[in-house]
Amino acid sequence: MVETLKHDVVIVGSGLAGLRAAIEAARASGGKSDIAVVTKVQAMRSHSVSAEGGTAAVLYPELGDSLESHEFDTVKGSDYLADQDAVERFVKAMPGEIYQLDHWGLPWSRKEDGRIAQRWFGGYSYPRATYAEDKVGFFEMQTLYDTATKYDNIHFYQEWFVTSIIAEGGEFRGFTAIEMKTGGFAQILGKAGILATGGSGRLYSFATYGYSSTPDGMATAYRAGIPLKDMEFIQFHPSGLIPSGILITEAVRGEGGVLVNNQGERFMKRYAPNKLDLASRDVVSRAMMTEIEEGRGFKDEATGLDYIHLDFSPIGAEKIKARLTQIREIAIKFRGIDPVEKPLPVKPVCHYVMGGIDTNIDGATKLKGLWAAGEAACVSINGSNRLGANSTAECLVWGKITGAEAAKYAEGKSKPSPTGESAQLEEKRIFDGIFHGKGGTNPYEVRDTIQKEMDKNVFVYRTGEGLGNALRKIRELKAKDFLHCEDKSRVYNTNLSDVLEVESMLTVAEVVIAGALARTESRGAHARRDFPERDDKNWLKHTLAFPGPDGPRLDYSAVTITKYQPAERHY
Ligand SMILES: Cc1cc2nc3c(=O)[nH]c(=O)nc-3n(C[C@H](O)[C@H](O)[C@H](O)COP(=O)(O)OP(=O)(O)OC[C@H]3O[C@@H](n4cnc5c(N)ncnc54)[C@H](O)[C@@H]3O)c2cc1C
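Residues numbered from 1 in each chain as written. Predicted model: local features only at pLDDT ≥ 70, side-chain atom pairs only at ≥ 80, totals over all residues. Heavy atoms only, no water.

**Focus on the domain arrangement of the protein**
Partitioning the protein into domains gives domain 1 (237–349) and domain 2 (421–558). Computed from C-alpha atoms alone, the centre-to-centre distance between domain 1 and domain 2 is 31 Å. Taken together, the contacts link eight residues of domain 1 with seven residues of domain 2. Where domain 1 touches domain 2, the interface holds one salt bridge. For the pair domain 1 and domain 2, the number of links is three residue pairs in polar contact (both at pLDDT 80 or more). Within the residue set of the side of domain 1 that touches domain 2, elements represented by two or more residues are α8 (281–293) and β15 (344–353). Top contributing element to the side of domain 1 that touches domain 2 by residue count: α8, with six residues. Of the residues belonging to the side of domain 1 that touches domain 2, the class tally is two nonpolar, two polar and four charged. (Domains from an automatic or database assignment. Contact = heavy atoms within 4.5 Å. Salt bridge = Lys/Arg side-chain N within 4 Å of Asp/Glu carboxyl O. Polar contact = N/O pair within 3.5 Å; in protein donor to acceptor, adjacent residues only side chain to side chain. Helix = DSSP H or I, 4+ residues; strand = E, 2+ residues; numbered from the N terminus. Nonpolar A, V, L, I, M, F, W, Y, C, P; charged D, E, K, R; others polar.)

Right under this line is the structure:
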């Protein structure tokens, strides 16, 4: 049986983007709108909570920083694929968000004079990463969650797994979801909806992400005919801890830490003579992989993984203990190394997805009444390479924008009425098709194979041959009969949610690889060995992937260029 629940605005995701949207929607309506936040994990377990290093904003123009500089750094970092009107709006809105969080109680780290502190981050011309020790995501989430719970008109559905979008007559009507605690199935109807389902980094096994960061939201939108944009651009952060891939924040290099090869050389001087270790992430990750490939890396005997040293000694023990507390704890607990005493073994690791659900500058998708925000969306301010500290910032800005837009849209509409048969069909697909399904292939093997292919062939450097092999492998997996569930209990059936996640991984992996194979150039984080140059004549455009009968159908759209003409990037 399908239960029916109704709200004015239904938000999927309780990370920074979802919570910021919920607060704005609740405020915008003067407390009148009824807002739902649906999340497959407990709200505070969303991946946002693990953001470490900082949130970018221009706070001190009197010290030389400027909105234009933040704008230019972001556009240059994006390798000119960002939409410049969106970047301008973003940069302007950010200082207000930092002070808003301050007023809601966020304990930002402070300078000696009591003002909010900022640190250096990769690719920036000024220190503009606003931080709270090295736990910025935790403090931001705690502040937003606390604030959200003060609104009586925000209703949380925690541990509810959204499976599809309900649309009728070209308009958004709601979502279908499984209540994990009972296994019950519901349609959560709304006048407006927002997808804030985060990134999809768990397409890789060596990733900084929480295990819940699978592309369900993206796949849900894609299945509903909403295109995914620029999905071939995946960010590899230079410092994933060996062997787990846990993130060692860029703030380590922002505070003075350096990368060193097996010759004891600070090699970044050969790749980025000005910015050195604080060049943008795509540049540093490629330099590290080149060092490793040319024999100047180290090898971890236990796992066979290659790595580079991240040396903390220039920072000094006192600063490490005061500003990098979490990183020190992670290094000691997960690697048995105190970075005050010895360098950490690190390697590029999957960290962020530049692409996402295609939206306009207001975060609106092509489906009337549905918005997308945060890492799940592609507005696009990140183009082909995001700068560190810009993502938590983007979640705040477009959380606020989409929350306000959705609330405004909902205001004039009447309460949603029960829909036709789409929720029943979705219930059948999940419970008759998967829960009672009789597949012959183990879905966990499918997941491992996807991750292995992505780690191997869709990594920092790519080739047509490798991408072609990966696409073949993904299509072989698609043909297999893996959609079934061994666990027949309804209560907390994580076997069922795992299978749904694997299905979404397969769908989105195919989009990533097809886009990467088609893009015969190197731009930002997409580095093709067989096409090493950026090709503005043919490829200064966004990729759009639509679902087709034989896999993704690719189309392209123009990049908005206002002030900054594409130029060669040097750091
Ligand atoms: C380790 C780490 C450190 C980082 N550090 C920084 C940093 O210092 N600065 C910075 O700017 N950026 C950083 N980032 C990036 C940034 O944290 C993320 O991009 C951002 O927090 C994403 O937030 P979000 O709100 O879009 O989604 P998330 O926080 O990922 O939340 C996604 C939400 O969607 C929900 N959801 C997903 N699928 C479903 C479904 N099917 N049904 C119901 N709910 C669903 C989840 O339950 C969750 O609540 C870091 C990322 C990582 C992984």
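**A short note on the sheet that holds strand β21 (residues 541–548)**
Strand order in the open sheet formed by five strands is β18-β16-β10-β21-β22, and the pairing between neighbours is mixed. Each edge of the open sheet is held by one strand with a lone partner, namely β18 (377–378) and β22 (551–558). Looking at chain direction, strand β16 (residues 356–358) and β18 are connected through two bridges and run parallel. Looking across to β18, one finds that Asp358 is bridged to Cys378. (Pairing = 2+ DSSP bridges.)

**Looking at the site of the ligand**
Contacts to the ligand come from 38 residues, most closely from His47, Ser48, Glu375, Ser391 and Thr392. At 3.2 Å from a nitrogen atom of the ligand is found a main-chain nitrogen or oxygen belonging to Glu52. Residue Glu375 places a side-chain N or O atom 2.5 Å away from an oxygen atom belonging to the ligand. Compared with its free state, where it exposes 1000 Å², the ligand has 98% of that area covered by protein. Of all the secondary-structure elements, those providing two or more residues to the shell around the ligand are α1 (16–28), β2 (35–39), β7 (160–168), β15 and α11 (390–411). Counting residues per element, the shell around the ligand draws most heavily on α11, which supplies four residues. In terms of residue class, the shell around the ligand is made up of 15 nonpolar, 18 polar and five charged. (Near = heavy atom within 4 Å. Areas by Shrake-Rupley, 256 points an atom, 1.4 Å probe, with all protein chains shown as cover.)

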